[in-house]
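Architecture and fold: a report
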Amino acid sequence: MELILDTADAAAVRELSDCFAVSGVTTNPTIITRSGKTPEEVARQMIKVLHPHQKFFMQVIATDTQGILADAHAIKALQVADGPEMCVKIPVTPEGYKAMKTLSTEKMTVLATAIYSADQGFMAALNGVQYLAPYVNRMDNYGDGVREVSDLLSMLAKAGLTTKVCAASFKNVRQIHELIKEGIDAVT
């Protein structure tokens, strides 16, 4: 199982990486804005503290397919030798799904984000993304978030898809515990 931190704080990443087997970092425009840094500053700082075996997931800002693709290529262009793998986060919207299909043919590591149902995640997996980020707490607003993610894991397994599920947006540790028991691939 992968432990992926959700932050824009490079110092916290360095500190936690000393204690735990951290697989990488996810961030998003809201987290970056709250940090008071620009996306470029956050990227530079994360690239300095993360290692080549780790991943850094940055979210696109554009909402149209062409803009998402441009953002994705700009994020990937930040990749440096001996640095973490630069990966792209794309929300599951109609325009996002289109971009996911295109980027999967380019072999870019993509995390589909803002997933509120197993069906949304499954469709992103069919479009070739490597990671899915279902928002467990948001799913709980409509029912049982842990159960919905468990359903997603089952759907992927039955379809023979290797997409990893990186559960996100927790409200308590019990949710994480239950998903680890279900065989979740990653948490952030």
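Higher on the page you've got the structure.
Attention shifts here to the overall build of the protein. Regarding its fold elements, the protein presents nine helices and eight strands. The C-alpha radius of gyration of the protein comes to 16 Å, within 12% of the 16 Å expected for a compact globule of 188 residues. In the protein, which comprises 188 residues, the share counted as buried stands at 48%. By sequence separation, contacts in the protein at least 24 residues apart represent 56% of the contacts at least 6 residues apart. Working note: accessible area of the protein is about 9,200 Å², and carbon and sulfur atoms make up 53% of it. When the 18 basic and 21 acidic side-chain charges of the protein are each reduced to a single mean position, those positions are 1 Å apart.

Moving on, we come to the side chain of Asn-127. Position of Asn-127 relative to the elements: it lies in the loop between helix H6 (118-126) and strand E6 (131-134). Those residues in contact with Asn-127, other than ones at most four positions away along the chain, are Tyr-97, Met-100, Lys-101 and Ser-104.

Moving on, we come to the packing of H6 against helix H8 (residues 145-159). Running from N to C, H6 and H8 cross one another at 30 degrees; their axes reach a closest spacing of 9 Å. Relative to H8, H6 is oriented so that their crossing is right-handed. The segment H6 lies against H8, with Ala-118, Asp-119, Gly-121, Phe-122 and Ala-125 engaging Glu-148, Asp-151, Leu-152, Met-155, Leu-156 and Ala-159. Taken together, the residues of the contact of H6 with H8 break down into seven nonpolar, one polar and three charged.

Bridge count for E6 against strand E7 (residues 164-167) is two bridges, and the pairing is parallel. Opposite Tyr-131, over in E7, you have Lys-164 as the bridge partner. Examined bridge by bridge, E7 and strand E8 (residues 186-187) share two bridges and lie parallel to one another. Residue pairing in the sheet places Cys-166 in a bridge with Ala-186 of E8. Crossover connection from E7 via helix H9 (residues 173-182) to parallel E8: handedness right-handed.

A few words now on helix H4 (residues 65-76). An α-helical turn contains 3.6 residues, so a residue and the one three or four places further along point in the same direction. End to end, H4 covers 16 Å across 12 residues, agreeing with the expected 16 Å (1.5 Å per residue, within 8%). Looking at H4, one finds that the buried residues are Thr-65, Gly-67, Ile-68, Leu-69, Ala-72 and Ile-75. Looking at the packing, one finds that the buried side of H4 touches strand E3 (55-59), strand E4 (85-91) and helix H5 (94-105).

Reading guide: rules and limits
Residues numbered from 1 in each chain as written. Predicted model: local features only at pLDDT ≥ 70, side-chain atom pairs only at ≥ 80, totals over all residues. Heavy atoms only, no water. Helix = DSSP H or I, 4+ residues; strand = E, 2+ residues; numbered from the N terminus. Rg over C-alpha atoms; globule rule 2.2 N^0.38 Å. Buried < 20%, exposed > 50% of the residue type's maximum accessible area, 1.4 Å probe, protein only. Contact = heavy atoms within 4.5 Å. Areas by Shrake-Rupley, 256 points an atom, 1.4 Å probe, with all protein chains shown as cover. Lys, Arg positive; Asp, Glu negative; His and termini not counted. Charge placed at Lys NZ, Arg CZ, Asp CG, Glu CD. Axes fitted to C-alpha atoms, helices over the stretch in contact; angles between N-to-C directions. Left-handed = near helix turned anticlockwise from the far one by under 90°. Nonpolar A, V, L, I, M, F, W, Y, C, P; charged D, E, K, R; others polar. Pairing = 2+ DSSP bridges. Right-handed = clockwise from strand over helix to strand, strands pointing away. Expected span 1.5 Å × (residues − 1).

Everything listed here is a matter of coordinates, which is why it stays silent on function.
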